[in-house]
Amino acid sequence: MLRFYIAYNYNVNAKRIYIAGMSNGGMMAYRLAAEMPDKIAAVGIVSGTMFYEKNPNQVGEVPILHIHSLMDTKVPFNGGIGIGGVDFPPAEEGINYWLQRNDCNTETITENYANYEKCSWKNSRGTTMVTLYLTHDGGHSWPGSTKQRAIGDAPSTALNANDVIWNFFQQYSLP
């Protein structure tokens, strides 16, 4: 199998495997976290939503970082018709699923900045398990990057997703 090949041929720390994805890649990251919590130390999602079944019988905590622009019309943060005529569920549905699955307190820690807000939730042990960054600029794009295509959305300048995701990942490893 591929995973054995990679682990055998490369120096892989199995306690620090992270998944990051944007749009469909973010949806994939949510699914992998849901199905393989014992293999993934943390996930970072940009401009995605949890399309995967929110099964209350699945167990296993996974730290979740979600970055989304309120201006995204292709995968709207609040749900609704987006790219390709798809009716996307609100991103908050997936976030709420992970709040419950990660045993988070209901108290939201909110920090407001010039062009974005950060919300985080801690579990009963005091560990931040879910973090949401909502930008007020950009669109369906990778914050802090350059515009990739003429028809693509301008990225948010409020934060650099690479830095935010990597800083988040570095806090977590599997037991």
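The structure under discussion appears in the preceding block.
Please read all numbers here as calculations on a predicted model, not as lab measurements.

A. Here's a closer look at the overall build of the protein. Regarding its fold elements, the protein presents four helices and eight strands. For the protein, the sequential pattern of α-helices and β-strands runs α-β-α-β-β-β-β-α-β-β-β-α. Seen along its three principal axes, the alpha-carbon backbone of the protein occupies a region of about 40 × 40 × 30 Å. Buried residues in the protein amount to 45% of all 175 residues. Taking the contacts inside the protein whose residues are at least 6 apart along the sequence as the reference set, 52% of them involve residues at least 24 apart. Counting 13 positive and 15 negative side-chain charges, the protein places the averaged centre of each group 9 Å from the other.

B. Structural view of the side chain of T49. As for its placement among the helices and strands, T49 is situated in the loop between β2 (42-46) and β3 (64-69). The exposure class assigned to T49 is buried, which follows from its relative accessible area of 0%. At a separation of 3.0 Å, a polar atom in the side chain of T49 contacts the main-chain carbonyl oxygen of P89. The residues contacting T49, other than those within four sequence positions of it, are M27, Y30, V75, F88, P89, P90 and A91.

C. Spatial organisation of helix α4 (residues 161-169). Within α4 the residues assigned to the buried category are A161, V164, I165, F168 and F169. All buried residues of α4 lie within an arc of 130 degrees about the axis, which places them on one face of the element. The inward-facing, buried residues of α4 contact β1 (18-22), β2, β3 and β8 (128-135). Between the side-chain oxygen at the start of α4 and the backbone nitrogen of N162 there is a gap of 2.9 Å, and the oxygen is on N160.

D. Structural detail: the sheet that holds strand β6 (residues 109-112). Here six strands make up an open sheet; going across it, the order is β1-β2-β3-β8-β7-β6 and the pairing mixed. Edge positions in the sheet fall to β1 and β6, since each has one partner strand and no second. Between one strand axis and the next, the sheet turns by 10 degrees as a mean value, whatever way the strands run. Bridge count for β2 against β3 is four bridges, and the pairing is parallel. Note on β3: the bridge partner recorded for V46 is I67. Where helix α2 (residues 24-35) meets the sheet, its contacts fall on β1, β2 and β3, and the angle it forms with β1 comes to roughly 150 degrees.

E. Looking closely at the pairing of β1. Sheet topology note: the β1/β2 ladder contains five bridges and is parallel. The residue bridging M22 from the neighbouring strand is V46, located in β2. You can see the chain leave β1, run along α2 and come back into β2, and the turn it takes is right-handed.

F. Up close: the layout of surface pockets. Taken as a whole, the second largest pocket spans an internal volume of roughly 180 Å³. Along its surface, the second largest pocket is lined by 13 residues, and H140, S141, R149, G152 and D153 are the ones closest to its centre. Tallied by class, the residues present in the lining of the second largest pocket amount to four nonpolar, six polar and three charged.

G. View of the nonpolar core. Residues V43, I64, I95, W98, W121 and V130 are the most contacted members of the largest nonpolar core, which totals 25 residues. Within the residue set of this core, elements represented by two or more residues are α2, β2, α3 (91-101), β7 (116-122) and β8. Take this core: its biggest share by element is five residues, from α3. Leaving out residues up to four positions away in the same chain, I64 has contacts with Y30, A33, V43, I45, W98, N102, M129, V130, T131 and F168. Formed by 16 residues, the second largest nonpolar core is a distinct cluster that contains Y18, V46, V164 and I165.

Rules behind the numbers
- Residues numbered from 1 in each chain as written.
- Predicted model: local features only at pLDDT ≥ 70, side-chain atom pairs only at ≥ 80, totals over all residues.
- Heavy atoms only, no water.
- Helix = DSSP H or I, 4+ residues; strand = E, 2+ residues; numbered from the N terminus.
- Buried < 20%, exposed > 50% of the residue type's maximum accessible area, 1.4 Å probe, protein only.
- Contact = heavy atoms within 4.5 Å.
- Lys, Arg positive; Asp, Glu negative; His and termini not counted.
- Charge placed at Lys NZ, Arg CZ, Asp CG, Glu CD.
- Polar contact = N/O pair within 3.5 Å; in protein donor to acceptor, adjacent residues only side chain to side chain.
- Arc of directions from axis to C-beta.
- Pairing = 2+ DSSP bridges.
- Axes fitted to C-alpha atoms, helices over the stretch in contact; angles between N-to-C directions.
- Right-handed = clockwise from strand over helix to strand, strands pointing away.
- 1 Å grid on protein atoms, 1.4 Å probe; cavity = no way out; pocket = protein on both sides within 12 Å on 5 of 7 lines; lining within 4 Å.
- Points joined across faces, edges and corners; volume = space filled by probe spheres on them.
- Nonpolar A, V, L, I, M, F, W, Y, C, P; charged D, E, K, R; others polar.
- Core = buried A, V, L, I, M, F, W, Y, C linked by side-chain atoms within 4.5 Å.

All quantities given are derived from atomic positions and should not be read as evidence of function.
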